[in-house]
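Letter by letter, the chains look like this.
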Amino acid sequence: MYGASRVLLVAVAASSTVALAGCGPASQTSPAATDSNGPSHPGVDSVFGDLDRDGPGAAVGVLLGGEVVHRAGYGIAHLDHGVPITPGTVFDIASISKQFGAMAALLLEADGRLDLDQDVRAYVPELPDFGVRITPRHLIHHTSGIRDWVHVMSLAGLERSDVISFHRILRMLFEQQAVNFDPGTEYAYSNTGYNLLAKVVEARSGMSFREFTRRRIFEPLGMRRTHFSDDHLEVVPGRAESYAPGGDAGFVRQPNQLTALASSSLNTTIDDFILWMRNYETGEVGGEEVVGTMRERGVLNDGATLAYAHGLTVGEYRGLPNFGHGGSWAGYRTNFVRFPEQDLSIAVFCNVSDCDPAGRARRVAEVFAGEAMGPEPEPVGTADITDAPPAMPTEAQLRGYAGRYRSPELDMTYEIVVDGRGLVARHWRTGPSVLAPAGQDAFHGNPRLFPELRFRRNGSGRVVAFTVTGGRVRDLVFERVGG
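A few points on the structure.

A word on the state of the cysteines
Under the defined criterion, the tally for this structure stands at one disulfide. Linked covalently through their sulfurs, cysteine 350 and cysteine 355 form a disulfide whose S-S length is 2.1 Å. Here cysteine 350 and cysteine 355 share a disulfide; its torsion about the S-S bond, -45 degrees, makes the bridge left-handed. Both residues of the pair, cysteine 350 and cysteine 355, belong to the buried class.

Concerning the sheet that holds strand E18 (residues 422–426)
The antiparallel closed barrel is built from eight strands, whose spatial order is E16-E17-E18-E19-E20-E21-E22-E23. On average, each strand axis in the sheet is inclined to that of its neighbour by 35 degrees, with strand direction left out of account. As defined by bridge partners, strand E17 (residues 412–419) adjoins E18 across five bridges and the pair is classed as antiparallel. Its bridge partner lying in E18, valine 418 is registered against leucine 423.

Focus on the pairing of strand E13 (residues 320–329)
Most of E13 is tucked away: eight of the ten residues are buried. Summarising the sheet, E13 and strand E14 (residues 332–339) pair through seven bridges and their orientation is antiparallel. Within E14, the residue paired with glycine 327 across the bridge is threonine 334. Between the end of E13 and the start of E14, which pair antiparallel, lie two residues, with alanine 330 showing a positive phi angle near 50 degrees.

Re the side chain of serine 263
Within the secondary structure, serine 263 sits in the loop between strand E10 (258–259) and strand E11 (266–268). By relative accessible area, serine 263 is classed as buried at 0%. Beyond its immediate stretch of four places on either side in the chain, serine 263 contacts Ala94, Ser95, Ser97, Lys98, Trp149, Asn191, Tyr194 and Asn195.

Remarks on the sheet that holds strand E5 (residues 91–92)
Ordered by their spatial adjacency, three strands build an open sheet running E5-E11-E7, and the pairing between neighbours is antiparallel. Both outer strands of the open sheet, E5 and strand E7 (227–228), are each paired with one neighbouring strand and no more.

Cut-off values and rules
- Residues numbered from 1 in each chain as written.
- Predicted model: local features only at pLDDT ≥ 70, side-chain atom pairs only at ≥ 80, totals over all residues.
- Heavy atoms only, no water.
- Disulfide = S-S within 2.5 Å.
- Buried < 20%, exposed > 50% of the residue type's maximum accessible area, 1.4 Å probe, protein only.
- Pairing = 2+ DSSP bridges.
- Helix = DSSP H or I, 4+ residues; strand = E, 2+ residues; numbered from the N terminus.
- Axes fitted to C-alpha atoms, helices over the stretch in contact; angles between N-to-C directions.
- Contact = heavy atoms within 4.5 Å.

This is a description of form; function is not addressed.
Written out as structure tokens, the structure is:
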């Protein structure tokens, strides 16, 4: 989730793609009216055999040539009560949700109610004027430069298990004072950009994002157990809990209190998602033109083509073109991939963090399309790092950094102190982070907070600020306050 720059260009690596999918005909209903498994393929069962136990697991759906060839659940949805996972179990599918945000925007564009190349501030005037023009198209392709809230909110002291609502994310965004780069010049994945896109959809449709997607996407497709969650306290019958390995019982719960509309927080089942995958074949929602647009990749200002399309990554696996998306939040891990030339679509929804849905989806693809695939990719080695570590500053030099530093964007103040561990960034909400030297005036600490921290000096050489850069945040300024 945290890569930046032009990672996704035309020459994208030959790796499996993960994303979300389309929809199915209005008259189509879920593959089965019950939660029982079937049809089943033994080759797919073998991919998930290790999950068929008294622990969390996965739900899986496979479409081949428009027909459901496999739908099944493996493992337990709710360990407290021993509820099994079935194709009707509800999962939060995390970032696979972005596909629906892009589809919502394209439907409004087709209605003539949204210009994807208009300044976003024409639709959402609350957005600060960053001195650059940001458009809905930039939001869709992750080229807006808007900072990703995941890192920003961690710096502000929020835990991922805290309540992180759609409106809280927007409030954070509306306090920002800069973007990472000029829109259209680079690619940097931004969940915040898709949350802003949801706000645009609300402004142009006159409905909540949840209601718009229900009326225009889910109801026409018969996806009766699918919705964007806008209330972390709502009761969702049949929803799987999420888990991570650990604890005396072998697993621990991973609380999910996120309602990040368009970027995440879509609740759905494998049976409903099969209807959405089928829409890539039928175009029932959006029509052939909109469904085709979904796969059109973004283009930077210099003409370079991205691998990221409209909530989908376009790539290949073992020589076979594919598109899709993956998702990760709390203990949920999800993957969708479609191989259009084989008319093969696969969805894997897990409720445990070590499930590896992308790897399993690739193995499922090999079951049905292995004969058409090229050789397996060579493993990528890791080069030895031989550079000597930077010299440790003297205690006097470290004390020159000590002080209190505040970010007006986050309303968050860190205290930089020197103790027996060296230089330490402290705040009671985040706990101490020891800062290791990484060059002149540069340090790194807790990777979730300070992957790169660089102090700034004024003309007389006095330290006056530090900036935080890493992944999807660049040069977020904390100004020195006091003496």
